[in-house]
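Breakdown of the fold
Listed below, chain by chain, are the residues.
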Amino acid sequence: MIKILKQFSFKEWLIVLFCLVLTYINVTLELKIPDYMSEITRLIQSSSDNMSHDILVQGAWMLLFAFSSFICAGISIYFAARLSSSFSQNIREKIFNKVESFGLKEMKKFQTASLITRTTNDITQIETFIAMGLHMMLRSPIMCVMAITKIIGKSIEWSMLLAGCVVLLLAVVITIFIVVVPKFKLMQKLIDKLNAVTRENITGVRVIRAFNAEKFQSDRFEDVNNNLTKTQTFNLKAFAVLGPVMNIVMHFLTFGIYLIGAYLISNSLMVDKVEIFSNMVVFSSYGMQVIMSFLMLAFVFMIGPRASISANRINEVLDEENSIKEGTFNKPTEETGTVEFKNVSFRYPDADEYIIENISFKANKGETIAFIGSTGSGKSTLINLIPRLYDATEGEVLVDNINVKDYTFETLNNKLGYITQKAVIFTGSVKDNVSYGETDHKVKEEDIKEAIKIAQAEEFVSKLDGELKAHVARGGTNLSGGQKQRLSIARAIARKPEIYIFDDTFSALDYKTDLALRKELKKYTKDATSLIVAQRIGTIMNADKILVLDNGKCVGMGTHKELLKSCEVYKEIALSQLSEEELQNA
Amino acid sequence: MPRMNTTEKPKNFFGSIFKLLKELKTWRVVLFIALILAIISSIFSIIAPNRLSDLTDEITNGIKPNTEKLEEISTKVQNNYLRGPIVIDNTTITVKDQQEFITIMSNTNEDNALKQFDKLPKSIYSLVKPKMNVDNIKHISIILLILYILGALFNYIQGVSMASVSNKFAKKLRTNISTKINNLPLNYFDNHETGDILSRVTNDVDAISFNLNNSLITLVSNLTLFLGSIVMMFYTNYIMALTAIGSSIFGFIFMFIMLSKSQKYFNKRQKLLGDLNGYIEETYSSHVVVKTYNGTKETKKEFNKLNTGLYKSNMMSQFLSGMMGPFMGFISNFGYVSVCVVGALLVSKNTITFGVIVAFMIYIRLFTNPLNQIAQSMTSLQSTAAASERVLEFLNEKEMNHQEDITKHLDKASAKGEIIFDHVKFGYTEGKTIIKDFSIKVNPGEKIAIVGPTGAGKTTIVNLLMKFYEINDGDILIDGISIKDLSRENIHELFCMVLQDTWLFEGTIKDNLKYNKPNIKDEEIMEACKIVGVDHFIKTLPNGLDEMITDNESISSGQKQLFTIARGMIEDAPFLILDEATSNVDTRTEELVQKAMDKLTRNRTSFIIAHRLSTIKNANLILVMNEGNIIEIGNHEELMKQNGFYANLYNSQFSKL
């Protein structure tokens, strides 16, 4: 928590200081009010002649103080609100920018879902804490100390009573806190679990019904439901103690002060009686303030830990050292359209085993290089090294004969058209999606149209309401999987890159679309280099060079024909898809 | 438990609250008692100040010397001229005392009156000293004690019973939702997002139980406090009551204006926050594309726009909600002064006693506090109404047929395996027929393949066969019995089904594989695993079959797919449906599985939907579908000869560019 507060700028600290001063004034003024109250009380008692006039004067003063203190509080709350909102705005921006700079390694480490919560919910948590906590945390100690100085020495009996009440209240609050907090953590887990089971029940609805497992799933749900209800009931019951105890302690404080007062008055000399009486009234109101400020502090400490957990989660993101550092090269290159791997190996930093090991190949301008291999053979990881989603552990990856690590991100990305396995679609129009991002030239309307045509998306786009301007819903839910994939291919084409990278892009398309698309693309991008990861032999058998990967190692390289003869793994893959006869004919 | 109040406007506030209360019928007695207790303890806290003011009056008596008696003594002493002792109220005042008294009185002026008073001789002092009525104080104290303790006790009982009712209610709602999920037709899930249903189970139910626990009682007890304090104020003194109400009324009006203003900011804040969160979610999950397309700059710009937009409404809503407390404090102070001033006037005219003022000092707080609370609980009741609308709407969705009229049963063991589609017509939505007049006879043990591009309606056939959806017209017969006469459970029992969707629940591998069939032995499970080739993988896991399957990525989707196939094998039913069951495994693994599957499908009637045509070449019958229609029927050779859609599809696999 403290660490995240270091994100405060100098100006923000000044605001905190300003709030502190305001709060001090606010409390001082507010604590004057009981003085006037007791003065008014005294005046009423004294029953002098111009009593109502005097009371009016005192009342006016009291109101003036009350109003000034209200204004002070207002200003300080205003600044606290500004502070917390601008703080959350800043820190949100910082996290967002940080995440935007992350490579895949960091994304995998934190998980996307968790990063989203950290940028949204966790920040709101801290914001609420600052908005409420700042005010309370500044106010309560000041209030407490000042109220105590006002009443200290008035009477040992009253002070003892007050201390007793504070101790009792704090004891109850802390006990409840100790009992309930672990349960709160448990509850959060149970809610997650409830969510998980319900999600299972919905996403697996077909399987569940096919297996007649409704009862089985219901039992699982009820199990969590019961646990959750039990925990929640326990918590609420524990909290139910708090209100009555607070009430009774406060009532007893007033009542006790009056009783003790009665005793003191009856045993005192006449000369002291009136003073004791007005002290009694004063003490009971200041005493209440003391108790209230202790309660407020307790409350801050209660919401504190939650905010502190959030703060830690945010710090983790901000402290994460980005493993991928940007280079500086941003000039045009002599070579174009080449990709070369020189003895490249990659493993995750904390893993022992290599995902890809000692891979070397070169793709020349205009060539098509394909990668094939079973699930987990390292195909996708290999091509992820080119746009630097990961950096090679050993060896060099060169684009246009320059190490990818030397490029600025922008220069490198301008050369590449990378299409993911799972289509990524943004909320907005079809046009927004295709023209997404920046490249070295401006993507014009006709580029977009042409790209859509080549990507075999023209037909369905023309049927959409508004065509290019048609709205695409969040996550592309109003498009089918194949349509989304075609749009994401069009997005790459519109950039006119030197090098295309298809990460198993074509599997989502049926054979016919796949074929037509690749034919068109070939025509359009004669000079462009293509790197294709695929599962279907049909997609890649015409490639200039095919790399066969098995467990991260390259077990064969060559054309379809060559590999059929020389590479056992390739042959197996091919035969699993097509008959011997078909392979010969193809 | 601090909680952001996100106020959603319910469509029909009273209707929803009424419906919600109807749902609470089971607990009406407890609820009623809790409410009564809340009201009683509120009433107690209104009565208590009156007793406290009595107490104050008693104490006030304790500081006023008995001036009448003093005058009486003074007169008598003066008239006596020290002629001997005087007896007043059985107390004898000696001559010496009288002498002393005269000396003291002659030296007394306004400033030293009290000091001189204390110097009075004992006999006189005892007569004129202020007297508290100790019995009365004891009496009042006991009443106060009882009021406080009973009030707290009632409050506690009320709190505990509300906690238990609201949670039991929440549990019941969750159970109902869970049961409802099982009874809804499948197309409900096609049209509704998972996240939406999930948020009803957790957020909405949570909101209902939280608010039920708090707002309802808060509302009732604060209303009682509010009305009660008005009644008590008028009962005590109407002039003071009018003063108190009059002095706060402007404050209240101002407060309501402020509340409705802050509501606007709250709503705006909630909306902007939602937009921002949506944008963050989209950007983070599109991370790779954002990075590789140089979209970062653009993204940051958009983010900053949203983020800055949030700032203002965020700040204003925090400011306004933060102001509520101090503002109420000021109103209450204002009321306090008014009450004191007017009270003092009345005291000076001897219309009221000092104790009344003390009582009003408390009434003014009792009177001003509830309004804020009432306003707050009204807003949270509004979100309760909105939440319960959403929950009840879900619970009232149309369910599947209840199958009371099912008479026939087809035994798993004796099923032959014949299926007839007889002029089947079907559409997911009315008026949009997808399957138009589909007829086919499948003989026992045959292997039927369904192929076609994505979205051609392949899965629809399976959905109908499994009775996931009801057919519009025509009939499907299993071993001559219409599926309309068979219960869904019975049909599901007959089919073993493996889907493309690698759905596994969070639990051990073993539990997942023997899914819903407790009598399966470990050996049988391992046998199935061996056939699909995951036995080795299972053995490498630290806990073997007892390893937990969680959401993390330790088990690849290919392995998950193999588990679902194994699960299907263990099911061991006379019919088999494979809906793209091998699309997540690579082709080499698929071949292995395929071989195992062939063993499995032997003698079983099986339906296979496949993307990869190699999978289905040896099927007895291939149905080629496009745009919801079956456009070609035949085996591989026949279809290739036709040189139509299928042949085209097949050849495109290896045609040259």
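Now for a look at the structure at hand. (Residues numbered from 1 in each chain as written. Chains lettered and ligands numbered in written order. Predicted model: local features only at pLDDT ≥ 70, side-chain atom pairs only at ≥ 80, totals over all residues.)

1. A few points about the overall build of chain B
Across its full length, chain B carries 22 helices and 14 strands. Computed over C-alpha atoms, the radius of gyration of chain B comes to 42 Å, more than 25% over the 26 Å expected from 2.2 N^0.38 for 657 residues, which places it beyond the range of a compact globule. Overall, the C-alpha framework of chain B stretches about 150 × 60 × 55 Å when taken along its three principal axes. When each of the 657 residues of chain B is scored for burial, the buried share is 44%. Counting contacts in chain B only where the partners sit at least 6 residues apart, residues at least 24 apart contribute 78% of the total. (Helix = DSSP H or I, 4+ residues; strand = E, 2+ residues; numbered from the N terminus. Rg over C-alpha atoms; globule rule 2.2 N^0.38 Å. Buried ≥ 20, exposed ≤ 12 C-beta atoms within 10 Å, placed from the backbone. Contact = placed C-beta atoms within 7 Å.)

2. Considering the interface of chain B and chain A
The interface of chain B with chain A comprises 123 residues on the first partner and 134 residues on the second. Here the side of chain B that touches chain A gets 30 residues from one element, more than from any other, and that element is helix H12 (residues 296–348) of chain B. Of the residues belonging to the side of chain B that touches chain A, the class tally is 59 nonpolar, 45 polar and 19 charged. (Nonpolar A, V, L, I, M, F, W, Y, C, P; charged D, E, K, R; others polar.)

3. Points about helix H4 (residues 95–106) of chain B
All names here are of chain B. For H4, spanning 12 residues, the distance from its first C-alpha to its last is 17 Å, which sits close to the expected 16 Å at 1.5 Å a residue. Taken as a whole, H4 has its buried residues at Asp 97, Gln 98 and Phe 101. The arc enclosing the buried residues of H4, seen along the axis, measures out at 100°, which places them on a common side. Seen from the buried face of H4, the exposed residues on the opposite side, beyond 90 degrees, are Lys 96, Thr 103 and Ser 106. Where H4 is buried, its residues contact helix H3 (67–80), strand E2 (91–93) and helix H6 (122–128). (Expected span 1.5 Å × (residues − 1). Arc of directions from axis to C-beta.)

4. Some words on the sheet that holds strand E10 (residues 529–533) of chain A
Residues and elements named next belong to chain A. The six strands are arranged E6-E9-E10-E3-E11-E12 in an open sheet whose pairing can be described as mixed. Across the chains shown, the open sheet's two edge strands, defined by having one partner strand only, are strand E6 (416–419) and strand E12 (553–558). The sheet shows a mean angle of 15° between the axes of neighbouring strands, direction not considered. Pairing between strand E9 (residues 499–503) and E10: five bridges, direction parallel. In the sheet register, Tyr 500 faces E10, and the bridge partner there is Ser 530. Across the sheet, helix H16 (residues 481–494) is in contact with E6 and E9; its angle to E6 comes to roughly 175°. (Pairing = 2+ DSSP bridges. Axes fitted to C-alpha atoms, helices over the stretch in contact; angles between N-to-C directions.)

5. Concerning the sheet that holds strand E6 (residues 473–478) of chain B
Residue and element names in this part refer to chain B. Sheet architecture is open: four strands sit in the order E4-E3-E6-E7, paired in antiparallel fashion. Only two strands of the sheet have a single partner each, and these edge strands are strand E4 (435–442) and strand E7 (481–482). Pairing between strand E3 (residues 419–426) and E4: five bridges, direction antiparallel. Bridged to Ile 420 within E4 is Lys 441.

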